[in-house]
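The primary structure of each chain is shown beneath.
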Amino acid sequence: EIMPSLVGSEMCIRDRNGGKMSNKYEFIAPCHFGLEAVCKREIADLGYEIVKVEDGKVTFAGDMDALVRANIFLRTTQRILLKVAEFKAVTFEELFQNVKKVPWEEYFPSDARFWVTKATSVKSKLFSPSDIQSIVKKAMVERMKEHYHINWFEEDGADYPVRVIIYKDIVTIGLDTSGESLHKRGYRRMVSKAPIEETLAAALIKLTPWNKSRILVDPFCGSGTFPIEAAMMGANIAPGMHREFQAQNWDNIVSPKLFARGFEEAESLVDTSVEMDIQGYDIDPQIVKAARENAKRAGVDGLIHFQQRPVHHLSHPKKYGFVITNPPYGERLEEKEDLPALYRDMGKAFAGLDGWSEYVITAYEDAERYIGKKAAKNRKIYNGMMKTYFYMFPGPKPPRRKKMVQPCLLYTSDAADDLIGV
């Protein structure tokens, strides 16, 4: 079920049961800037070795099973790239020659449709994405011509999209195993005006101490992303268990049995009988209706209570809950005028919650001023191209529950005799 070694990233390893595996490979998990540590921890929890962590991506090692399980189970990465080459290039000739050295025939069958879907360059001498894409494609074709002895490729077979990342003149090339971005879980059909990506929402939840035994409320729930992602975590629903991945079409590289096994594993872990207190509010009744529909598609509609409610009506009788929310930023000029009152209402509502923790992602620079308190910590996060801040207002930890101790009755010998007599 594991293909012969692919150049550039193989190492001998042992599988999870201690048996010897043939090879392992390096994979790249791009993630939101500022949330690399969350992605790293999630990959490590899946059982894979972290190779390195860089701005906006985590590289890890594993067998082909890792390719499958990472796509199905990881909540915080945008996609999974199979790393095929890494080298230095400061001229287009160096780029061409090094790409041509890669044994593309081990990845692409003769009818493969292969192209550079995206090229990025930061702090490098080669900086034109379109030129980089053109050169890399040309080099791949030349290598394929020499191996297959074909001058023209119809490219009418499976898709093999390639991504090129150049940072400080180091070129990293990876095959995109995911296809559509992993934030597209498949449940979100209707979205609010300024939706937060599912992968970002999951990462921000993981950045807090929230767990399924704690209350969670989102007073600006929009299309329901925060509540739905939290409910999926609590019910152990893998984010990729109901979607398809590009690598499912690569039976020359990945055995279909691996994907079948991965989906079976995900299905076996689901527990929708778990009890949780998760609530989502929004002032727009149509958006609340959309959130309910999205939750239903995600399989967690029975775990979340959605309701039309303005933020100044936010309340809860219990202590030690969590607010995690993405309030309006004021993208349009006329909306900015409403933000001071909105954030004041948010601050008053927070003040009425007993012992709660609040976490707010927003691009509004006066958020703390109008909420009325200073965040214990804030973290700069890029939501797409927009710079935002994740303000953290942690509350007290709930007291630990005392363990129930069974009483132990000691009997004297006389008392024991009496009991026997009875």
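Not measured: the values here are computed from a predicted model. (Residues numbered from 1 in each chain as written. Predicted model: local features only at pLDDT ≥ 70, side-chain atom pairs only at ≥ 80, totals over all residues. Heavy atoms only, no water.)

1. A few points about the overall build of the protein
Broken down by element type, the protein carries 12 helices and 14 strands. Within the span of the protein, comprising 422 residues, buried residues form 51% of the whole. (Helix = DSSP H or I, 4+ residues; strand = E, 2+ residues; numbered from the N terminus. Buried < 20%, exposed > 50% of the residue type's maximum accessible area, 1.4 Å probe, protein only.)

2. Remarks on the sheet that holds strand 8 (residues 216-218)
Consider a sheet: its strands pair through backbone hydrogen bonds, and that pairing is either parallel or antiparallel. Taken in spatial order, the 7 strands of this open sheet run 10-9-8-11-12-14-13, and their pairing is mixed. In this open sheet, the two edge strands, each paired with only one partner strand, are strand 10 (304-308) and strand 13 (377-383). Between one strand axis and the next, the sheet turns through 20° on average, direction left out of account. (Pairing = 2+ DSSP bridges. Axes fitted to C-alpha atoms, helices over the stretch in contact; angles between N-to-C directions.)

3. Looking at the pairing of strand 9 (residues 278-282)
Within strand 9, 5 of the 5 residues are buried, which leaves the element mostly enclosed by the surrounding structure. Here strand 9 shows no split at all, with Ile278, Gly280 and Asp282 on one side and Gln279 and Tyr281 on the other all buried. Two strands pair when backbone bridges link them, and strand 8 and strand 9 are joined in this way by 3 bridges, in the parallel orientation. When the bridges of strand 9 are listed, Leu216 appears paired with Ile278. Looking at chain direction, strand 9 and strand 10 are connected through 5 bridges and run parallel. Looking at strand 10, one finds that Gly280 is bridged to Phe306. Handedness of the crossover joining strand 9 and strand 10 through helix 8 (residues 285-298): right-handed. (Right-handed = clockwise from strand over helix to strand, strands pointing away.)

4. Side note on the sheet that holds strand 7 (residues 170-176)
Pairing is mixed in the open sheet, where 7 strands are placed in the order 2-3-1-4-7-6-5. With partners counted over all chains shown, the strands left at the sheet margins are strand 2 (49-54) and strand 5 (113-122), one partner each. Across the sheet, the mean angle from the axis of one strand to that of its neighbour is 30°, orientation sign disregarded. Here strand 5 pairs with strand 6 (residues 159-167) via 9 bridges, running parallel. Following the sheet pairing, Trp115 is matched in strand 6 by Pro161. Running at roughly 135° to strand 3 (residues 57-62), helix 2 (residues 64-73) makes contact with strand 1 (25-30), strand 3 and strand 4 (81-88) of the sheet. Those strands touched by helix 3 (residues 92-101) are strand 4 and strand 7, and its axis lies near 135° from that of strand 4. (Contact = heavy atoms within 4.5 Å.)

5. Structural notes on the confidence of the model for the protein
Confidence along the protein averages 90 in pLDDT terms, with 88% of residues attaining 70 or more. Residue range residues 408-422 is modelled with pLDDT below 50. Its contacts to residues more than four positions away, or to other chains, number 2 contacts. (pLDDT = per-residue confidence, 0-100.)

6. A few points about the pattern of salt bridges
Per the counting criterion, the structure on display carries 20 salt bridges. The salt bridge partner of Lys100 is Glu146, with a shortest N-O separation of 2.9 Å. Taken together, the residues span a long stretch of sequence, with Lys100 in helix 3 and Glu146 in helix 4 (residues 129-148) at a distance of 46 residues. By relative accessible area, which is 48% here, Glu146 ends up partly exposed. The salt bridge partner of Glu105 is Arg143, with a shortest N-O separation of 2.9 Å. Residue Glu105 is located in the loop between helix 3 and strand 5, and its partner Arg143 is located in helix 4; the two are separated by 38 residues in the primary sequence. Three or more residues joined by partner-sharing salt bridges are found here, namely Glu26, Lys52, Lys83 and Glu86. (Salt bridge = Lys/Arg side-chain N within 4 Å of Asp/Glu carboxyl O.)

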